[in-house]
Amino acid sequence: MSYPKKLAEIISLMEGLPEMERRETLVSYADQARKQEPREGEAFDLEDIRKDEECTDSVGVFLKVDEAGGCHFRIKLGPQVQTLTRAMTTILCKGLNGLTLEELQAVPQDFVPKIVGAELVRIRSHTVYYILTRMKSAAMVWKKRQVRE
Amino acid sequence: MSSDSNYVHPEVLVSTEWVAEHYKDPSIRIIESNEDILLYDTGHVPGAVHIDWRRDLQDQLVRDYIQPSDFAALCSRHGITPETTCVFYGDKSNWWSCYALWVFRLFGHTKVKIMDGGRDLWISQGRPLTREVPNFSTSNYPVPTKRLDQEIRAFFEDTLKHSQQKLPLVDVRSPGEFSGEVTHMPDYPQEGVLRGGHVPGARGVPWKRAVNEDATFKSAAELRKIYQEELGLKPSDNVIAYCRIGERSSHTWFVLTYLLGFSNVRNYDGSWTEWGNRVGAPIERT
């Protein structure tokens, strides 16, 4: 399965990095997580803010679907969300921006270890998968609402 | 040092203020241990080194701790000698710092302390963080002659025997995990346990009861009330504590051993991820 172009570029970059540089890059992505939050005056087609049992703090997913059907996300994370999950938030917002709902649903999870590295994917860091699940879930909810309307 | 001199060993707790005043002392090594594996990289107490509970302290092939030679190499890499006072702190109300301290005790390192309140308190007080990783001259830590597995660690068979003999077992997980209603912590994904419940005869005392809102430890009087008055434990009791993978029970082990002065407490690090998956292990649900 091929990945969306922007995500594939990030995967390619991360796979080529030595361990220490990979960590530094992930921290850099985590630092940018706040830039993925909704901005003043932005309107969304769907807002899904909740804290559930799979993550250590609340996660807000904000979806805007453009006229061509492209999905654009903003994500707001609670302060206790882990660093890896913060990093993945930035990566996903950048890597999946503009995908159609169908393209988004087709993105597999198997790229996560390629980005994060086997060393960091382990017990107590599985929330790294959580953001993608929430993004897909938000998009599905939006689609169901469209069908009903 | 600690805010409550009524602890049996108040010297094992240091305040954030104390750390701020002593982190440059060459006889002291500040050690951060977290659940969030990249948290240290985002900023840490100046001069602090990082010890990763899984990469650095656990054997990567066998579910066990590193060997004495690996421990000596780890300490040497961070310039730690047997005379170095290791001050641990971290996220999650010091779960993993207590875990790391417990592993250091397994290898017989005696000069250990916890920074009360951990990382969150340090940050909430506006104290400085740095991303600069310190580089200490390598030391020559002698290879410990043994690991104190018999003294402060319990295995499955020890815990089963304890249960059968109705000796004190403290389950420090959340009430839902203890009752068997859930097989994971609140806010955490399932970590692969097939059965829910608790070791027969165990009493449930969530680790969290031992800390205040700011992650500092409760006073000696409050802790005595919980563990001695409510639970009926005595400092001379032979106690085993467990959780899911041994980190929350390290926290309770620290409380009982150092703050309340219990002389015979062991941490069952196999905990519920071993017991709840073990074929034939008896389970109680309430």
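Our structure's up above, just so we're on the same page.
Definitions and cut-offs
Going along each chain's sequence as written, the residues are numbered from 1 onward. For this description, chains carry letters from A and ligands carry numbers from 1, given in the order in which they are written. The predicted origin of the model limits local features to residues at a pLDDT of at least 70 and limits the giving and counting of side-chain atom pairs to 80 or more, whereas totals for whole chains, interfaces and linings rest on all residues. Elements are defined by DSSP. Helices are runs of H or I of four residues or more, strands are runs of E of two residues or more, and each kind is numbered from the N terminus. Each radius of gyration is computed over the set of C-alpha atoms, and the globule rule expresses the reference value as 2.2 Å times the number of residues to the power 0.38. Residues are called buried when their C-beta atom has 20 or more other C-beta atoms within 10 Å, exposed when it has 12 or fewer, and partly exposed otherwise; all C-beta atoms are positioned from the backbone. Any pair of residues counts as being in contact when their C-beta atoms, constructed from backbone geometry, are within 7 Å of one another. For two strands to count as paired, DSSP must find a minimum of two bridges between them. Expected helix span is given by 1.5 Å per residue-to-residue step, counting one fewer step than there are residues. To obtain the arc, one takes the directions from the helix axis to the C-beta atoms. Axis angles are defined between N-to-C directions and span 0 to 180 degrees, where every axis is a line fitted to C-alpha atoms and, for a helix, only to the segment in contact. The cut-offs work like this: below 35 degrees is roughly parallel, past 145 is roughly antiparallel, 65 to 115 is roughly perpendicular, and the gaps in between are oblique. By the convention adopted, Pro, Cys, Tyr, Trp, Phe, Met, Ile, Leu, Val and Ala count as nonpolar, Lys, Arg, Asp and Glu as charged, and the other residues, Gly among them, as polar.

Asks: Summarise the overall build of chain A; cite the residues concerned and give the values.
Replies: Scanning chain A for helices and strands turns up 6 helices and 3 strands. What you see in chain A, going N to C, is helices and strands ordered as α-α-β-β-β-α-α-α-α. Relative to a compact globule of 149 residues, whose C-alpha radius of gyration would be 15 Å, chain A shows 15 Å and is just as compact. With respect to the principal axes defined by its C-alpha atoms, chain A has extents near 50 × 35 × 30 Å. The 149 residues of chain A split such that 34% are buried. Counting only contacts in chain A whose residues sit at least 6 apart along the sequence, the fraction spanning at least 24 positions is 67%.

Asks: Tell me about the pairing of strand 2 (residues 59-65) of chain A, and name the residues and values.
Replies: Residues and elements named next belong to chain A. In terms of strand pairing, strand 1 (residues 46-50) meets strand 2 through 5 bridges, oriented antiparallel. Residue R50 lies in a different strand from strand 2, and its bridge partner there is V59. In the sheet, strand 2 pairs with strand 3 (residues 71-77) via 7 bridges, with the strands oriented antiparallel. Residue pairing for strand 3: F62 is matched across the bridge by R74. Between strand 2 and the antiparallel strand that follows it, strand 3, lie 5 residues; G69 among them carries a positive phi value of about 90°.

Asks: Quick one: what's the story with helix 2 (residues 19-31) of chain A, residue by residue and with numbers?
Replies: Residue pairs spaced three or four apart in an α-helix point in one direction, given the helix's 3.6 residues per turn. All names here are of chain A. The end-to-end C-alpha separation of helix 2 is 18 Å, in line with the 18 Å expected for 13 residues at 1.5 Å each. When helix 2 is considered as a whole, its buried residues turn out to be R23, L26, V27, Y29 and A30. Down the axis of helix 2, the buried side of the element spans an arc of 160°, and every buried residue falls inside it. Turned more than 90 degrees from where helix 2 packs its buried face, M20, E21 and S28 sit exposed.

Asks: Describe in detail the packing of helix 4 (residues 95-106) of chain B against helix 10 (residues 247-259) of chain B, supporting the description with residues and values.
Replies: Residue and element names in this part refer to chain B. The geometry of helix 4 relative to helix 10 is characterised by a closest axis approach of 7 Å and an angle of 70° between their N-to-C directions. Comparing their axes, helix 10 and helix 4 come out roughly perpendicular. Here W95, W96, C98, Y99, L101 and W102 of helix 4 lie close against helix 10, whose contacting residues are E247, R248, S250, H251, W253 and F254. When the residues that make up the contact of helix 4 with helix 10 are grouped by side-chain class, the tally is 8 nonpolar, 2 polar and 2 charged.

Asks: Any chance you could break down the sheet that holds strand 2 of chain A for me, citing the residues and the numbers?
Replies: All names here are of chain A. Across the sheet, which stays open at both edges, the 3 strands sit in the order 1-2-3 with antiparallel pairing between neighbours. Across the chains shown, the open sheet's two edge strands, defined by having one partner strand only, are strand 1 and strand 3. Along the sheet, successive strands turn relative to each other by an average axial angle of 15°, direction set aside. This element, helix 6 (residues 130-148), spans strand 1, strand 2 and strand 3 of the sheet and lies at about 45° to strand 2.

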